[in-house]
Amino acid sequence: MRKPYRPVLSVMLLAALLRAGAAVAADPEFFTVFRARPDGYKSIRIPSVVVTRQGVVLAFAEGRAADADQAGNSIILKRSRDGGRTWLPLALIADDGANSLNNPTAVVEQESGRVFLMYQRIPAHMKERDNTVEPGYEGTNVYRNFITWSDDEGASWSPPLDITRTTKRPTGATTIASGPGIGVQLTRGPHQGRLLIPFNEGPYHQWNNYAVFSDDRGRNWQWGRDVPGAFVADTKLGRRSQINEVQMVELSDGSVRLNSRSFAGAKVRKTAVSADGGATWSPVAD
């Protein structure tokens, strides 16, 4: 679904530098974070970049054995203590052999400083397009969702915790994918402090967007409702989704807007707004 590109992953760190309190020039500065073959992978894709409460920049990505979405991917990390100008050696956050780990999506809980990272495990014998991907929580053809966290600015990480049952619907949903990108913590309104991770769920071509959220600083997570109005008529499939990969942002009035990759319908990105912290959404709009 994502086309391979050259094996150098650079991250624009203007926002990170601002968050870290560093002085920045008028123009963005660019620094190479991952370099695929020197870092030990055929391809490095799908970055997630956050700044810790102490100003450490954390850059996560998928380390891939091939130029493919599912290629026995590992979750990798580099850390920077100087606003992204230089980087410590690569660290392996999660690996599951031939199974593919995808879509690292990080969020910082600002009260405790704890950094959370969600990612999904895809069985080694499956691809996202396969019609044999099953809903539910048990069996060898099921996508699973994991979370890990760090309390020391990304230097060490907890053992991964399987939270599939509270972040994936028991029926209907087959594939699940966080982001890709980052999560947010709400700073205003009745849901102040809520952690939000943007998600999409399959089947393939029948995607929906929704939020996974926590109101207790990341101890427990739950899913919100799917965004309504995702589908348009399709002559081959009957219906086809307009949306897929997604990010979310808090607005000045405390509402949340999502911005989703477009597929069917008008060739523009899609959007929706939540007035209740990501639990429910307005219909998909251009």
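Everything below is about the structure shown above.
Once a new chain begins, its residue numbering starts again from 1 and follows that chain's sequence as written. It should be noted that, the model being predicted, local features are given only for residues of pLDDT at least 70 and side-chain atom pairs only at 80 or more, the latter also being counted only at that level, while totals for whole chains, interfaces and linings use all residues. The side-chain values count all of the structure's non-hydrogen atoms but skip hydrogen atoms and water molecules.

**Some words on the overall build of the protein chain**
Here's step 1: Counting its regular elements, the protein chain contains two helices and 21 strands.
Here's step 2: In terms of overall dimensions, the protein chain has C-alpha extents of about 50 × 45 × 35 Å along its principal axes.
Here's step 3: The buried label applies to any residue whose accessible area, calculated with a 1.4 Å probe on protein chains only, is under 20% of its type's maximum; exposed applies above 50%, and partly exposed to all values in between. Every one of the 286 residues in the protein chain was classed for burial, and the buried ones make up 53%.
Here's step 4: For the protein chain, restricting intrachain contacts to residue pairs at least 6 apart in sequence, the fraction spanning at least 24 positions comes to 52%.
Here's step 5: Carbon and sulfur atoms provide 52% of the accessible area of the protein chain, an area that totals close to 12600 Å². Here a helix means four or more residues in a row that DSSP labels H or I, a strand means two or more in a row labelled E, and each is numbered from the N terminus. Any two residues having at least one pair of non-hydrogen atoms within 4.5 Å are treated as being in contact. Each accessible area value is a Shrake-Rupley result obtained with a 1.4 Å probe; residue values ignore everything except the protein chains displayed when judging cover.

**Section: the environment of aspartate 226**
Here's step 1: Tracing the sequence through the fold places aspartate 226 in the loop between strand E16 (222-223) and strand E17 (231-234).
Here's step 2: For aspartate 226, the residues in contact, after removing those within four places along its chain, are Arg169, Glu201, Asn208, Asn209 and Tyr210.
Here's step 3: We define a polar contact as two N or O atoms separated by no more than 3.5 Å, with the added condition that, inside protein, one atom must be a possible hydrogen donor and the other a possible acceptor, whereas residues neighbouring each other in sequence contribute only through side-chain atom pairs. Here the side chain of aspartate 226 touches arginine 169 through a polar contact of 2.8 Å, side chain to side chain.

**Description of unusual backbone geometry**
A negative phi holds for most residues other than glycine; trans holds for most peptide bonds.
Here's step 1: Between glycine 179 and the following residue, proline 180, the backbone shows a cis peptide bond with an omega angle of 0°.
Here's step 2: Although it is not a glycine, isoleucine 46 sits at a positive phi angle of roughly 60°.
Here's step 3: Within the secondary structure, isoleucine 46 is located in strand E3 (residues 43-51).
Here's step 4: Residue classification places isoleucine 46 among the buried residues on the basis of a relative accessible area of 6%.
Here's step 5: One non-glycine residue, arginine 217, lies in positive phi territory at about 65°.
Here's step 6: The residue arginine 217 is located in the loop between strand E15 (208-214) and E16 in this model.

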